[in-house]
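The lines below spell out each chain.
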Amino acid sequence: MAGPARRTSGAAFETLSLRGVTRVYGRNPPALYDFDLELGRGDFVALLGPSGCGKSTALACIAGLQLLTRGSIWRDGERIDTKPAEKRGFGMVFQNYALFPHLSVRRNVEFGLAMRKVARGQRQERALAALRTVQLEEHASKLPSQLSGGQQQRVAIARALAIEPEVVLMDEPLSNLDAALRIELRTEIKRIYQERGLTVLYVTHDQEEALALATRLVVLRKGRIEQIGTPQEVYTNPSSAYVAGFMGYRNLFPASYREPGQGREARVSAFGATVTGTVISDGRLEDGAGVTVAIRPEDLILGTGAGPNAIEAVAEVVEYHGRELSVQARTATDNVLHLKTTEPVAAGSLVTLTARPDRVLVYRSGLNRGELDVEAGAS
Amino acid sequence: MATTTLAPTSAPAARAPGFSRPTVTAVLTWTVAGLFAAVLLAVLISVIVTALSTSWGGTWLPSGYTLSWFRHAWDTPGLANSIAVTFEVAIADVAIALLVGVPAGYVVARKKFPGRNAIMLFALLPVILPPLTYAVQLAALMYRLGIGGTLLSVVLVNLVPILPLVILITVPFVEQISPDVEQAAKVFGADNLRLFTRVLVPLLTPGIVAAGVLSLVRVLGSFELTFFVSGATTQTLVVTIFGALSDPGGPPAALTAAMTVFYMAIALLGLVISLRFANPAHTLAQPARRTL
């Protein structure tokens, strides 16, 4: 007697696809525009972007908590965006846990099974198994309010696991936790994902979280997809200055294009000097065209003066981070550079920095000033 | 702001509990509160003593005690009937007000629609207006509709102040429930009915109990609204007692006092029953024992 919401085993499920999903609120620009995404069984896809980029809207559309303005969502051959949320059968983990405050931990985890009319004994068994997975078995009879934030989120994860959903949707599940707990639970999520062979769609504004967890990353900007790729691809080769800024390329400078070099290399004017970098943007760049140069703090190497792209600067602020130093330096042209080094540096000393041309990324300009400052958490 | 201000308060030294000398304000507050409670109790006791006395006038204590006034009161034509009417009206009104008012309060709290504030203000009117200001017109309307004097009309006019009251009480209780909790219920398979019965009603129980108790008290004490619309057989107890009190050649004071004791007993009974069914203090402190 399997009703539509009772398709619990992942065996039948192959792909979840979003086609041209668009969501517009009132007269505002679309929160999500023409969003295409394929999610295969076993994928862990992270939607990444600052607040207001449309990532949570995408998740709410899939879960059935928001209506689509245009487009469609398909599970294998079946169209699901016309179904109400309770008939879609997803598991979901919310940022603020969203546990039922009047139900014990075990009943919270059983909730989805009870709605599916699973027999009592089996329901309890599965709930306890899910609680065992998140190591909270001994708290089964407590109320959510008697647990810490981290434990509550584990309960929420168990609640999503108990129904054995084809896809688990996670909406910033770690954002309400403090730093140490966040990393711990992040590892926990990855472990459960690997052990249970889950399919996960994960929304976050934290690039570290996305890189650590995802098998595929989708970077969103103002409701549109900016880049899709593996974490390695997106991290080492961001397709735009926006993605670069989001991926920890803290040094972003306006520069002007000079001349092409070997292969994709090019020379640009920046910090009052000529810098050799690698052009990422497609298409020809005109001489003198405005470009954006992106360099990761890790790719600026403290040198002795020799080497490519040597830049002189004064170390202004030196922070000790244990394994490394984080240095803020200022060039003679008043540009601020961020770098990481394991070499000793004294604040106020003159340093020479070099960067390999393949780690100096050159983008066609297109980054609005301050666009990357609004997100929380991304360093 | 360029200046940094230090926290202006340094924590005062904690006083040893229980042994500090009472302040003048404390003494004054307790005295006034004590007097207030004493007067209130004395009045209540005097009613009960009157109902139990053979005759009582000019002396500290009544000349004799008897239980016969209660039997007399019970035998007074109409009293037993008006007790029955009081129960019927109270149960019907509280039930209707909760069934309509709680969902309405939910909608007002959750949906942002134009005119929402106007509705809230409008709902406040019958609650804060003295019922006498609209009781006569309301009764006239009932008679015009041809249902004046019936039990139905008594139930209807008493709904006027308590339905908005239930809505007003429900709104803040709904606002306390995180919308995410409702979304979670939906994602995990609850349709609207089960969202309401399995999640919202249990979470709203303290609010529902509060609204129910306050409406019950209001209906039991509602004199003006019932007075103008009720007929001889559809009087509530409070109207019957007022009739007895205001009749110059009417029953002796001890008899009306006995009637009043019945009235008090009913009000207390109503309160005890509502608190018995759901204790607001316990609702959120314990996991629900009912099965999902």
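Residues numbered from 1 in each chain as written. Chains lettered and ligands numbered in written order. Predicted model: local features only at pLDDT ≥ 70, side-chain atom pairs only at ≥ 80, totals over all residues.

(A) A look at the sheet that holds strand 5 (residues 78–79) of chain A. All names here are of chain A. Reading across from one edge, 2-1-4-5 is the order of the four strands in this open sheet, with antiparallel pairing throughout. Edge positions in the open sheet fall to strand 2 (32–40) and strand 5, since each of these has one partner strand only. Relative to strand 4 (residues 70–75), strand 1 (residues 15–23) runs antiparallel, the two sharing five bridges. Among the inter-strand pairings, leucine 16 is bridged to a residue of strand 4, identified as arginine 75. (Pairing = 2+ DSSP bridges. Helix = DSSP H or I, 4+ residues; strand = E, 2+ residues; numbered from the N terminus.)

(B) How the structure looks around the pairing of strand 17 (residues 325–331) of chain A. Residue and element names in this part refer to chain A. Two strands pair when backbone bridges link them, and strand 16 (residues 311–320) and strand 17 are joined in this way by seven bridges, in the antiparallel orientation. Each residue of the ladder has a partner; that of glutamate 319, found in strand 17, is serine 326. Counted along the chain from strand 16 to the antiparallel partner strand 17, the turn is four residues long, and its residue glycine 322 has a positive phi close to 90°. Judged from the six bridges that link them, strand 17 and strand 18 (residues 336–341) form a sheet pairing that is antiparallel. Note on strand 18: the bridge partner recorded for arginine 330 is valine 336. Joining the antiparallel neighbours strand 17 and strand 18 is a turn of four residues, in which aspartate 334 adopts a positive phi near 70°.

(C) How the structure looks around the interface of chain A and chain B. Each partner contributes to the interface: chain A provides 25 residues, whereas chain B provides 19 residues. Per-element tally for the side of chain A that touches chain B: the top contributor is helix 2 (residues 105–115) of chain A, with six residues. Broken down by class, the residue content of the side of chain A that touches chain B amounts to 16 nonpolar, four polar and five charged. (Contact = placed C-beta atoms within 7 Å. Nonpolar A, V, L, I, M, F, W, Y, C, P; charged D, E, K, R; others polar.)

(D) Highlighting the packing of helix 6 (residues 151–175) of chain B against helix 8 (residues 192–221) of chain B. Residues and elements named next belong to chain B. At a closest axis distance of 9 Å, the pairing of helix 6 and helix 8 adopts a crossing angle of 160°. Considering the angle they form, helix 6 stands roughly antiparallel to helix 8. Classified by chirality, the crossing of helix 8 by helix 6 is right-handed. Counting all contacts with helix 6, which are made through Asn158, Pro161, Ile162, Leu165, Val166, Ile169, Thr170, Phe173 and Val174, the residues of helix 8 involved are Leu204, Pro206, Gly207, Ala210, Ala211, Leu214, Ser215, Arg218 and Val219. In terms of residue class, the contact of helix 6 with helix 8 is built from 13 nonpolar, four polar and one charged. (Axes fitted to C-alpha atoms, helices over the stretch in contact; angles between N-to-C directions. Parallel < 35°, antiparallel > 145°, perpendicular 65-115°, else oblique. Left-handed = near helix turned anticlockwise from the far one by under 90°.)

(E) Fine view of helix 8 of chain B. Across its 30 residues, helix 8 of chain B extends only 37 Å between first and last C-alpha, which sits more than 12% below the 44 Å expected from 1.5 Å per residue. Where helix 8 of chain B bends most, the angle comes to about 60°, and this point is threonine 205 of chain B, followed within four residues by the proline proline 206 of chain B. (Expected span 1.5 Å × (residues − 1). Bend = angle between axes of the 7 residues up to and from the residue.)

(F) Looking closely at the domain arrangement of chain A. On domain assignment, one finds that chain A holds domain 1 (4–236) and domain 2 (248–364). Between the C-alpha centres of domain 1 of chain A and domain 2 of chain A there is a distance of 39 Å. (Domains from an automatic or database assignment.)

(G) Molecular detail of the sheet that holds strand 17 of chain A. All names here are of chain A. A sheet is described by the order of its strands in space; here five strands give the open sequence 15-19-16-17-18, paired in antiparallel fashion. Edge strands, defined here as strands with exactly one partner in the open sheet, are strand 15 (301–303) and strand 18. Averaged over all adjacent pairs, the angle separating strand axes in this sheet is 50°, with direction ignored. Here strand 16 runs beside strand 19 (residues 350–354); their pairing, made up of four bridges, is antiparallel. Looking at strand 19, one finds that isoleucine 311 is bridged to leucine 353.

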